[in-house]
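# Residue-level structural notes
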Amino acid sequence: MGTPGLAERVRRLGGHEVRWLVSLGWWVARRRIGVAADDRAFGYAAAQAALVYGLTFVCVVETVGLAVLLRNHPVAHGVMLVVDVYALLMMLGMQAAAVTRPHVLGSGVLWLRDAARMEIRIPLERIVSVRYDLRSAPAGSKSEAAGEAGVKRGSDVLSFAVGGQTSVTVELREPVVAVRLSGKRPAVRTVRFHADDARGMVAAVRTAVAALDEGRPRADRT
């Protein structure tokens, strides 16, 4: 598909900023976004928590240090204070988005999310297999705390790495289109992602797919 235009990319980036800011409020309220009463939610934020909180602490120390160094330069102090506070909010917002936007196993669909950046909805009938599959993120890919999910050029594999790893692999019989933060729309047949309870999620998805298969005519199961 074609490369999104500048206006589309700016719109999507602005939407991303709004989503992680909103997530901070949901996080404080201890609520989750898009999880219905009958859905099963699976978190993935624990793997990146230590990194995020460590970077947040570094940002706090930097803010205090710059405040002392620039105390006699009010304009520079004001500018840097705004920048540092925004950086702090952004770090916490990324964690908040991951906590409040878990993966969701709903009625007939597996909804995988990459915090506020990206999501993909996989109809259960398209799932051929799901397995526990612990992998380190490929070289050059970005983790949950660093950037959007990766699709190798010329590949149909999508990876949602968290803390530098994925732990579940889903294989599809038909491709599903994923919409990236940049606006690109790769069609993928294999999705790798992380879940804190990876084995529990694999078991739940297998059960849901098996139940769906039992309800379909035998000719439709191939």
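The rules behind each value
Residues numbered from 1 in each chain as written. Predicted model: local features only at pLDDT ≥ 70, side-chain atom pairs only at ≥ 80, totals over all residues. Heavy atoms only, no water. Helix = DSSP H or I, 4+ residues; strand = E, 2+ residues; numbered from the N terminus. Buried < 20%, exposed > 50% of the residue type's maximum accessible area, 1.4 Å probe, protein only. Areas by Shrake-Rupley, 256 points an atom, 1.4 Å probe, with all protein chains shown as cover. Phe/Tyr/Trp six-rings, centres within 6.5 Å; stacked < 30°, edge-to-face > 60°. Lys NZ or Arg CZ within 6 Å of the ring centre and 35° of its normal. Salt bridge = Lys/Arg side-chain N within 4 Å of Asp/Glu carboxyl O. Axes fitted to C-alpha atoms, helices over the stretch in contact; angles between N-to-C directions. Parallel < 35°, antiparallel > 145°, perpendicular 65-115°, else oblique. Contact = heavy atoms within 4.5 Å. Nonpolar A, V, L, I, M, F, W, Y, C, P; charged D, E, K, R; others polar. Pairing = 2+ DSSP bridges. Core = buried A, V, L, I, M, F, W, Y, C linked by side-chain atoms within 4.5 Å.

## Topic: the overall build of the protein chain
A count of helices and strands for the protein chain gives four helices and nine strands. Starting at the N terminus, the α and β elements of the protein chain follow one another as α-β-α-α-β-β-β-β-β-β-β-β-α. Burial status across the protein chain gives 39% buried among its 222 residues. About 11,900 Å² of surface is accessible on the protein chain, with carbon and sulfur atoms providing 59% of the total.

## A closer look at the packing of aromatic side chains
Following the criterion strictly, the structure yields one aromatic pair and no others. The cationic tip of Arg31 hangs over the ring face of Trp26; the distance from NZ or CZ to the ring centre is 4.8 Å.

## Focus: the pattern of salt bridges
On inspection of all chains with the given rule, the structure shows five salt bridges. Here Arg131 makes a salt bridge to Glu171, at a shortest N to O gap of 3.5 Å. Here Arg131 is found in strand β5 (residues 127–136), whereas its partner Glu171 is found in strand β8 (residues 165–177), with 40 residues between them in sequence. Arg131 sits in the partly exposed class, given a relative accessible area of 29%. Connected through shared salt-bridge partners, Arg131, Asp133, Arg135 and Glu171 make up one network.

## Considerations on the packing of helix α1 (residues 6–28) against helix α3 (residues 74–100)
At a closest axis distance of 7 Å, the pairing of α1 and α3 adopts a crossing angle of 70 degrees. Classified by the interaxial angle, the pair formed by α1 and α3 is roughly perpendicular. Taken together, the residues of α3 that come into contact with α1 (itself represented by Glu17, Trp20, Ser23, Leu24, Trp26 and Trp27) are Tyr86, Leu89, Met90, Leu92, Gly93, Gln95, Ala96, Ala97, Val99 and Thr100. When the residues that make up the contact of α1 with α3 are grouped by side-chain class, the tally is 11 nonpolar, four polar and one charged.

## Structural notes on the side chain of Arg12
In this structure, Arg12 sits in helix α1. Residue classification places Arg12 among the buried positions, given a relative accessible area of 17%. Filtering out sequence-adjacent residues up to four positions away, Arg12 remains in contact with Arg19, Val179, Arg180, Leu181, Ser182 and Gly183.

## A look at the pairing of strand β7 (residues 157–160)
Burial along β7 is two-sided: the residues Val157 and Ser159 and Leu158 and Phe160 are all buried. Across four bridges, β7 lies against strand β9 (residues 187–193) in parallel orientation. Residue pairing in the sheet places Phe160 in a bridge with Phe193 of β9.

## A few points about the pairing of β9
Of all seven residues in β9, five are buried, a share of seventy percent or more. Bridge count between β8 and β9: six bridges; the pairing is antiparallel. Note that in β9 the partner of Val168 across the bridge is Phe193.

## Some words on the sheet that holds strand β3 (residues 109–114)
One open sheet accounts for four strands, arranged β1-β2-β3-β4; its pairing is antiparallel. Whereas interior strands pair on both sides, the edge strands pair on one side only; in this sheet they are β1 (40–42) and β4 (118–123). The sheet shows a mean angle of 15 degrees between the axes of neighbouring strands, direction not considered. Bridge count between strand β2 (residues 103–105) and β3: two bridges; the pairing is antiparallel. Among the inter-strand pairings, Leu105 is bridged to a residue of β3, identified as Leu110.

## As for the nonpolar core
Of all hydrophobic cores here, the largest spans 27 residues; its most connected members are Leu110, Leu112, Ile120, Ile127 and Val191. Of all elements in the fold, only β3, β4, β5, β7, β8, β9 and α4 (198–214) reach the threshold of two or more residues within this core. Element by element, the count of residues in this core is highest for α4, at six residues. The contacts of Ile120, once residues within four sequence positions are left out, are Leu110, Trp111, Leu112, Leu158, Phe160, Val176, Val177, Ala178, Val188 and Val191. Listed in part, the 10 residues of the second largest apolar core include Leu24, Ala96, Ala97 and Ala115.

## Observations regarding the environment of Leu24
Relative to the helices and strands, Leu24 resides in helix α1. The exposure class assigned to Leu24 is buried, which follows from its relative accessible area of 17%. In the structure, Leu24 is positioned 69 residues away from Gly93 in sequence and 5.7 Å away in space, judged by C-alpha atoms. For Leu24, the contacting residues outside a window of four places in its chain are Leu89, Leu92, Gly93 and Ala96.

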